[in-house]
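# Observations on the three-dimensional arrangement
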Amino acid sequence: MRIAIQGLAKRYGLTTVLDIPAFTIEAGERLGLVGNNGAGKTTFLRLVLDLIEASAGQVAIDGENVAAGAAWKKNTGSYLDEGFLIDYLTPEEYFAFTGAVYGLTRDQVDERLERYAPFFNHEILGQNKYIGDLSQGNMKKVGIVAALLPEPRLLLLDEPFANLDPSTQIRLKNALVELEQGEEITLIVSSHDLNHVTEVCQRIAILERGCIVQDLQTSEHTLKDLQDYFAVGEDRPSTASPTSEEEIL
Amino acid sequence: MYATLLRHYWKSLFRRTTWTGANLSLGIASYLLGAYIILHCLAIGFFADIIIKKIYPDIALMAVANQNLLLLAAILFCCRFFLQTFPRVRTRPYLHLPISRPGLIHFFQLLTLGNFHNIYPLFFALPFWFKNVLPAYPAGAALSWLSGVLLLLAGSNYLVIGLRLLIGHKLLWGGAAAAGLAGVVALDKILAWQYADALSGYLFGHLLGREGGLFLVALAAPLAGLYAGVFKGLSKSIFLDDPGRAQSRNVDGVDRHLAFLARYGPIGHLIQLEIKLMWRNKRPRQVLFMSLVFVLMGFSYLSPAYEGNIAIFMAPFGFLLLSGGLVLNYGQFMFSWESRYFDGTLVRPIDFRAMVRAKLLFLQASCLVLFLLTSPVVATIAPDRFALFAAFFLYNFGFTTALYLLLATLNFKHINLRQSSFANWNATSIHHFIVILPLMVLPILVQYLVADALLSALAIGGFGLASALARRLWIPLIARSLAGRKYRMGAGFRGRKG
C-alpha cells in the first residue's frame, strides 16, 4: 500500500511536534524511523493510523485520506504499544477476536497461529493466563502476532525489538525481512535499535524535533552513518552527513 | 529528607486532578460537602451539652458523653472502613534511594493520621472539650480525656489500615465485618446489655479521674500493638512489585459459556467482549454489584407511603432503577471502560455502527433480564402499578439505553479497570448524577397530565417502544457522535488533553 503525506503537522498549543511537508512511502517499501526520544516517531505512526487528529495536512493510504475513510483498516496491521491489547482476554481469545473483526474463520486463525509457534516459544498459547498477566516481552509478542494475523498489506510497528529476548528479536527480524518475499507489504518500523532497523529496512528516515532531517537508502554504510549521527559529541554535525550523495533522496 | 517527602505528599494532594470544567465543579462540590460536614460537627460539638441535657435530664453530662464515645467511634469506624483511602505517596519510588526503609514506613504510617476521617471528628470533640471538659476538670484530667479521644481516633485509623492489609480490597469481607460489628452494637443496645456503654463510661470516666494517666497508658498499649502490626504488614507489602498484580489470576470459563455468541459474527464477538470486560475487571464488576443494590433500592420507591403527587415523583425513580439499574450506573462509561485499549479499537476494521449496536444490545439485554427478575416481586407488592412498571421497562429498553450510550461518547477520561469502584470518583463528573433528572421529566409530565394510570403507562411505554424501533436512527447518531469525538476520547484515554 502506498502512503502519501502532504503538509502533515501536529501541534499541541504553540509546540509543533511533527511537521512533514511531503513524504511518500511506496507500496512494498520497508521504512525505518529513527530518532531520539521526543523526535516524533510515535506521533508519526499515530497520524498514519488516524489515532490523533492532524493539525494540518493529511495522510493518504492508497489514495484514501485516513481521516475520512476506514477502508484502509482492513489491510492494515499495527502494534504501537500495550494500548492495542485487550489485557483481560487470554491470548487465544484475543487472536480469535482479532481474526473475527478482520473476517477470518477460526480455522484460518489457528492455521496462521501455528506459523508463529517458534516466535511464541511455548510461553503464550495454552498457558491459561490473561494477557495482562504476561511479561512485557510476551505481551509484545501477542501484539505483534495479532498485527500480522490478518496478513496485512501495510504493517506499522513501534519499537518492536524493545523488551524482546535476543532469540525472539532475531526471529522477528527474520520474519520482517521475509515479509517482502511474499506479497507486496509496506512496512514502517520505528526503532532505537540501529542494528536491527538497518537490517530490516531498505530506507531509513531520521526524525529530529518533528522533522525528517535525513532520508537514506540503506547501504553497508548506513549503520555507521546512523551511529555517527547519534553519537554524542561536539563534532556531530560533520559526521552526520551521509557518506555518499546518492544516499540522500 | 522527610520534609522533602512531605512536600511530595503535599504536591500529590493538589496535582492529582486537573481543576477544569466538570472536574472543577465536582472538586468544589466535594469541598463544599467537607465544609458542610465540618460546620455540622462544630455546631453539634458546641451544642452537644444542650442536646444531651434535653434527652437525659437526670444523668450527668459527662457520664452520658463517656458512655457513648465507644459507640460513636464504632460508627465512625464503619464509615471510614469503606471511605478512607491510603495516602497517595507511594513508597516504591523511594525504595531504591538511600532512605531508611523502616523510616519510610513510619513516615507513611504517621502520614495516615492526617486523613480527613481523623480530622473531622475533632471539629466535634474540640468545641465540646473546650466548653464542657476544660472548665469543669483539672487541666491534667481534661488533657488526659482529650488524649484518650485522640488515641481512639488513631486506633481506629490503624485498625482500618490493618484490616485492609489483612483482607485486601475484598469488600464482601469488609461488609461482613461491618455488619458483624453493627450487629453486636445493635444487640448490645436492643437487649439492653449496655456492655459497650459500660466499658466506654468506665474508660473515659477514669481518664477524668486520678488514675487518668494509668488509663491513658492502658489505651495507648493496644494502639502501639496496632501500630506495630500495621508496620509489619506494610513492611511486607511495600516490597511487592504491585500488590494488585502479584499473582496471576485464574482464567474463568466465561469464554466457554459465551461461545455461542461467536456464531453471530463481529457483533457477537463484540458482545462477548462487553460481558468479559464487565466480569473480569474489578471496577466494572463492582459497578454491576452496586447496580443490583440500586435495583433493590428501586423497590423502596414503590412504598404505599407515597401517594398522589408524591408517588408521581417517587415512582419513576423506582421504576427507572428496577429495569435500568445497570444502564444508569454502567451505561455512561460504555466507551470509557475501553479506555485502556481504545487505540486498538480505533485501528481495527470495526464499523462504529457495529460497535454501537453491540453496546446497545448489551444494555438492552440488561434491561430485559432485570425486568424479568423484578417483575414477580412488583406483581406481588404493587400489582396495581405493574402496567406502569412494564411501561418503564420499555422506556428504559428503548430510550434510556440509547440516551446513555449517546452520553457515553462525551466521556474523555481514562478509567483504571483494576481499581475499586468504591468511593472512586476517577472519570466521574457531576453531570453523571444530574443526567437522571431530564430522564424523569417526560414520565413525570405524562403522569401529571394524564390522570388515568393505564393511559399514562401506554404513553410512556409507547414512547419507549417508538424509541426502540427508532434504532436505525439512534445507532448512526451515536456512531457519528463517536466518530466526531474519537480523537478527543483517544487523547483523554491516553491521559492527554488534546
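Please refer to the structure placed before this passage.
A brief report on the enclosed structure follows.

This brings us to the overall build of chain B. Within chain B, the secondary structure is distributed over 21 helices and zero strands. Relative to its 498 residues, chain B shows a buried fraction of 46%. Considering only contacts in chain B between residues 6 or more positions apart, those separated by 24 or more positions represent 80%.

All right, on to the overall build of chain A then. Assigned secondary structure in chain A consists of nine helices and ten strands. For 249 residues, the compact-globule estimate of 2.2 N^0.38 gives 18 Å, and the C-alpha radius of gyration of chain A, at 18 Å, lies within 12% of that figure. By its C-alpha atoms, chain A is 55 × 40 × 35 Å across when sized along the principal axes. Per-residue burial for chain A yields a buried fraction of 54% across its 249 residues. Entry remark: accessible area of chain A is about 10,400 Å², with carbon and sulfur atoms responsible for 47%. Side chains of chain A give 21 positive and 38 negative charges; the mean places of these two sets differ by 3 Å.

Turning to the nonpolar core, a few remarks are in order. Soluble, globular proteins show a tendency: their nonpolar side chains are buried together. Ile 3, Phe 44, Phe 95, Leu 176 and Ile 188 of chain A together with Tyr 330 and Trp 337 of chain B are the most contacted members of the largest nonpolar core, which totals 154 residues. Here the element with the most residues in this core is helix H17 (residues 386–408) of chain B; it accounts for 13 residues. Leu 61, Leu 151, Leu 203 and Leu 207 of chain B belong to the second-largest nonpolar core, a separate cluster that totals 31 residues.

A few words now on a nonpolar patch on the surface. A cluster of nonpolar side chains, contributed by Ile 44, Phe 46, Phe 47, Ile 50, Ile 51, Ile 55, Tyr 56 and Ile 59 of chain B, occupies part of the molecular surface with about 730 Å² of accessible area. With a relative accessible area of 36%, Tyr 56 of chain B lands in the partly exposed category.

Turning to helix H5 (residues 101–111) of chain B, a few remarks are in order. Listing the buried residues of H5 of chain B in full gives Gly 103, Leu 104, Ile 105, Phe 107, Phe 108, Gln 109 and Leu 111 of chain B. Where H5 of chain B begins, one side-chain oxygen reaches toward the backbone nitrogen of Gly 103 of chain B, 3.0 Å away; that side chain belongs to Ser 100 of chain B.

The subject of this paragraph is the packing of aromatic side chains. Here a ring pair, both rings aromatic, is described through the centre-centre distance and the interplanar angle of the planes. All names here are of chain B. With the rule as written, the count across this model stands at 28 aromatic pairs over all chains. When the ring of Tyr 395 is compared with that of Phe 399, the centres are 5.4 Å apart and the planes differ by 45°; the resulting orientation is tilted. Linking Tyr 395 with Phe 399, this pair stays in helix H17, spanning four residues, or about one helical turn. Each member of the pair, Tyr 395 as well as Phe 399, is classed as buried. The cationic tip of Lys 131 hangs over the ring face of Phe 46; the distance from NZ or CZ to the ring centre is 4.5 Å.

On to the sheet that holds strand S5 (residues 64–65) of chain A. Two modes of strand pairing occur in sheets, parallel and antiparallel, and in both the strands are linked by backbone hydrogen bonds. Residue and element names in this part refer to chain A. Read from one edge of the open sheet, four strands run S2-S1-S4-S5, paired in antiparallel fashion. Only two strands of the sheet have a single partner each, and these edge strands are strand S2 (15–25) and S5. Both strand S4 (residues 56–61) and S5 contribute to a ladder of two bridges, which runs antiparallel. Note that in S5 the partner of Ile 61 across the bridge is Glu 64. Here helix H1 (residues 41–48) sits on the sheet in contact with strand S1 (3–12), S2 and S4, set at roughly 60° to S2.

Reading the values: rules and limits
- Residues numbered from 1 in each chain as written.
- Chains lettered and ligands numbered in written order.
- Predicted model: local features only at pLDDT ≥ 70, side-chain atom pairs only at ≥ 80, totals over all residues.
- Heavy atoms only, no water.
- Helix = DSSP H or I, 4+ residues; strand = E, 2+ residues; numbered from the N terminus.
- Buried < 20%, exposed > 50% of the residue type's maximum accessible area, 1.4 Å probe, protein only.
- Contact = heavy atoms within 4.5 Å.
- Rg over C-alpha atoms; globule rule 2.2 N^0.38 Å.
- Areas by Shrake-Rupley, 256 points an atom, 1.4 Å probe, with all protein chains shown as cover.
- Lys, Arg positive; Asp, Glu negative; His and termini not counted.
- Charge placed at Lys NZ, Arg CZ, Asp CG, Glu CD.
- Core = buried A, V, L, I, M, F, W, Y, C linked by side-chain atoms within 4.5 Å.
- Patch = residues over 30% accessible without salt bridge, like charges linked within 9 Å, V, L, I, M, F, W, Y side chains within 5 Å.
- Salt bridge = Lys/Arg side-chain N within 4 Å of Asp/Glu carboxyl O.
- Polar contact = N/O pair within 3.5 Å; in protein donor to acceptor, adjacent residues only side chain to side chain.
- Phe/Tyr/Trp six-rings, centres within 6.5 Å; stacked < 30°, edge-to-face > 60°.
- Lys NZ or Arg CZ within 6 Å of the ring centre and 35° of its normal.
- Pairing = 2+ DSSP bridges.
- Axes fitted to C-alpha atoms, helices over the stretch in contact; angles between N-to-C directions.

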